[in-house]
Amino acid sequence: MTTKVAIIGVGQTPVGEHWESGLRMLAADAISAALNDAQIERVDAVYVGNAYGAAFSSQSQVGALVADYAALGGVEAYTVEAGEASGAAALRTGYLAVASGQVETALVVGVEKSTDTVGTARNRARSISLDADYEAIHGATATAQAAMLMRRYMHEYGVELSAFENFSINAHMNGSKNPYAMYRNILKVGAFGKAPMIADPVSLFDSAPDGDGAAAVIITSAERAADLVPQPVLIAGSAVASDTLALHDRADLLFLRAVEVSTERALRQATITRDDLSLLELHDAFTILAALSLEAAGFAERGQGWRLAAENQIGLTGRLPLSTFGGLKSRGNPVGATGVYQAVEAVLQLRGAAGLNQVADARYAMIQSIGGVGNTAITHILQTTV
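Quick caveat: nothing in here was measured; it's all calculated off a predicted structure.

> Looking at this structure, how should I read the overall build of the protein chain?
From N to C terminus, the protein chain includes 14 helices and 11 strands. Computed over the C-alpha atoms, the radius of gyration of the protein chain is 19 Å, within 12% of the 21 Å expected from 2.2 N^0.38 for a compact globule of 386 residues. Principal-axis analysis of the C-alpha atoms gives the protein chain an extent of 55 × 45 × 40 Å. By the burial criterion, 63% of the 386 residues in the protein chain qualify as buried. When contacts within the protein chain are restricted to residue pairs at least 6 apart in sequence, those whose partners lie at least 24 apart make up 77%. In the form shown here, the protein chain has an accessible surface area of approximately 14800 Å², with 50% of it arising from carbon and sulfur atoms. Here the protein chain contributes 27 positive and 39 negative side-chain charges, whose respective centroids are spaced 3 Å apart.

> Can you help me understand the layout of surface pockets in this one?
A water-sized probe, rolled over the atoms, reveals where empty space remains. Approximately 760 Å³ is the volume found for the largest pocket. Around the largest pocket sit 35 residues that line it, and Ile198, Ser207, Ala208, Pro209 and Asp210 are the ones nearest its centre. Elements that contribute at least two residues to the lining of the largest pocket include exactly helix H5 (119–126), helix H6 (142–157) and strand E5 (197–199). In terms of residue class, the lining of the largest pocket is built from 16 nonpolar, 13 polar and 6 charged. Its volume calculated, the second largest pocket comes out at about 170 Å³. Along the walls of the second largest pocket sit Thr2, Thr3, Lys4, Val5, Tyr95, Leu234, Ile235, Ala236, Gln269, Ala270, Thr271 and Gln383, which together make up its complete lining. Going through the elements one at a time, strand E8 (233–242) and helix H10 (257–270) are the ones with two or more residues in the lining of the second largest pocket. With 3 residues, E8 is the largest single contributor of residues to the lining of the second largest pocket. In terms of residue class, the lining of the second largest pocket is built from 6 nonpolar, 5 polar and 1 charged.

> Can you walk me through the packing of aromatic side chains in this structure?
Working definition: an aromatic ring pair is given by the centre-to-centre distance plus the angle between the planes. Under the definition given, this model contains 4 aromatic pairs. Judged by centre distance (5.2 Å) and plane angle (65°), the rings of Tyr47 and Tyr78 are edge-to-face. Here Tyr47, found in strand E2 (residues 45–49), pairs with Tyr78, found in strand E3 (residues 76–80); they are 31 residues apart in sequence, far enough to count as distant. The exposure class assigned to Tyr47 is buried, which follows from its relative accessible area of 1%. Residue classification places Tyr78 among the partly exposed positions, given a relative accessible area of 38%.

> Can you help me understand the sheet that holds E2 in this one?
Within a sheet, neighbouring strands are paired by backbone hydrogen bonds and run either parallel or antiparallel to one another. Taken together, the 9 strands give an open sheet; going across it, the order is E3-E2-E4-E7-E1-E8-E11-E10-E9, and neighbouring strands pair in mixed fashion. Across the chains shown, the open sheet's two edge strands, defined by having one partner strand only, are E3 and strand E9 (279–281). Strand after strand, the sheet turns through a mean of 25° between neighbouring axes, direction not considered. Here E2 runs beside E3; their pairing, made up of 5 bridges, is parallel. Counted as the bridge partner of Val48 is Thr79 from E3. With respect to the sheet, helix H1 (residues 23–38) is in contact with strand E1 (5–12), strand E4 (105–112) and strand E7 (213–221), its orientation differing from that of E1 by roughly 125°.

> How should I be thinking about empty space enclosed by the protein in this particular structure?
If you walk through the whole model with that rule in mind, you get 1 cavity of 30 Å³ or more. Estimates place the volume of the largest cavity at around 40 Å³. As for the largest cavity, its lining consists of Phe167, Asn170, Leu282, Asp284, Ala290, Ile314, Leu322 and Ser323. The residue makeup of the lining of the largest cavity, split by class, is 5 nonpolar, 2 polar and 1 charged.

> Which parts of the structure should I look at to understand H5?
By the burial criterion, the buried members of H5 are Arg122, Ala125 and Arg126. The arc enclosing the buried residues of H5, seen along the axis, measures out at 95°, which places them on a common side. Opposite the packed face of H5, turned more than 90 degrees from it, sit the exposed residues Thr120 and Arg124. Of the surrounding elements, those touching the buried residues of H5 are helix H2 (53–57).

> Help me out: how do you make sense of the pattern of salt bridges in this one?
Where charged atoms from two side chains of opposite charge approach closely, those side chains can pair. All chains considered together, the criterion is met by 15 salt bridges. Close ionic contact of Asp212 with Lys113 constitutes a salt bridge, the shortest N to O distance being 3.2 Å. A residue pair is termed long-range when its members are at least 10 positions apart, and Asp212 in the loop between strand E6 (202–203) and E7 and Lys113 in the loop between E4 and H5 qualify at 99 residues. Side by side, Asp212 and Lys113 carry an identical accessibility label, which is buried. Across the pair Asp252 and Arg302 runs a salt bridge, and its minimum N-O distance is 2.7 Å. Taken as a pair, Asp252 in the loop between E8 and H10 and Arg302 in the loop between helix H11 (287–296) and helix H12 (305–310) lie far apart in primary sequence, 50 residues in all. Where salt bridges share partners, they join Glu84, Arg122, Arg126 and Asp210 into one cluster.

> It is not clear to me how helix H3 (residues 62–69) should be interpreted in this structure. Could you clarify?
Side chains that are three or four residues apart share a direction in an α-helix, a result of its 3.6 residues per turn. Every buried residue of H3 is listed here: Val62, Gly63, Leu65, Val66 and Ala67. Elements in contact with the buried residues of H3: H1, E2, E3 and E4. Downstream of H3 by a residue or two, Ala71 has a phi angle that is positive, lying close to 60°.

Calculation notes
- Residues numbered from 1 in each chain as written.
- Predicted model: local features only at pLDDT ≥ 70, side-chain atom pairs only at ≥ 80, totals over all residues.
- Heavy atoms only, no water.
- Helix = DSSP H or I, 4+ residues; strand = E, 2+ residues; numbered from the N terminus.
- Rg over C-alpha atoms; globule rule 2.2 N^0.38 Å.
- Buried < 20%, exposed > 50% of the residue type's maximum accessible area, 1.4 Å probe, protein only.
- Contact = heavy atoms within 4.5 Å.
- Areas by Shrake-Rupley, 256 points an atom, 1.4 Å probe, with all protein chains shown as cover.
- Lys, Arg positive; Asp, Glu negative; His and termini not counted.
- Charge placed at Lys NZ, Arg CZ, Asp CG, Glu CD.
- 1 Å grid on protein atoms, 1.4 Å probe; cavity = no way out; pocket = protein on both sides within 12 Å on 5 of 7 lines; lining within 4 Å.
- Points joined across faces, edges and corners; volume = space filled by probe spheres on them.
- Nonpolar A, V, L, I, M, F, W, Y, C, P; charged D, E, K, R; others polar.
- Phe/Tyr/Trp six-rings, centres within 6.5 Å; stacked < 30°, edge-to-face > 60°.
- Pairing = 2+ DSSP bridges.
- Axes fitted to C-alpha atoms, helices over the stretch in contact; angles between N-to-C directions.
- Arc of directions from axis to C-beta.
- Salt bridge = Lys/Arg side-chain N within 4 Å of Asp/Glu carboxyl O.

See below:
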């Protein structure tokens, strides 16, 4: 029998261009905030989600680096990597460690430092997440792959580019109220289709901007959590699934099989249905990923995921609030740290501490992080215990 697991502390840094801070400093700031929030001083293990430390910062062994700099030396500490889903993978690792009973209190931190690398150097560094032998070697990038999926989707389902714009408009509307967001500007209707193209049809207002940042959560057993903090948040479901790494190996390009599987597993573990969810933090690195995720996760029929945005169902007061603090698009994409930022944001919602971004009566939150364009999908269900 596994132990029930809860989050007792959260911390984050603003996402942005942190020229003055490296990986260790960003992580330490988020860790300090999480420890203060949980009102504890020590943990038994540190799991670090980081995707591109070696490529961006010439730094591996980020787990030991971060634990030492945060004055947590001597504890179990290592890095977890799953591309852009690295933060969520670290959360999964911490969850399993506590659930197994092997670790009493774990600290999960996601950290990425990407803005020191620019232009083609950044594209080359990011492409290590692709299939090296069949994709990256030919100059493929994640943005180009998203563009191909988006073009195919538009062709298959007869959808115009404007159908996707409300994903970005909603993200920026929510991000404008988030002090930790990288871009707090509001997008006007029509601006989406006029933005400069990055990889046609993916534009500047479609693609989430890479940013530096760190976020941290502290987890322990639910039984212990109840004695430590007034509002622990239960991790009611946790699941991971994978798909082919190379896009061309998939039988169905427009269906994210890993998203489907991880969603079903997490909901089953949490013993809830989609209708029970109060909000969803999805991996909106590109709007096509948002639409495809909604379809694969069972919130929309195939070819209809865009409708939830176009019909204004995804706002803070909508049927299924998405990207409630701005998502990757407005909060910024701290790449390997993204999954932990999602956890922090969901905890704030479930505590009723989301301020201007609060979803009313939030009880269950689903957070989902994707590596690549659906190569890895990691889904967690968080539940309020109040």
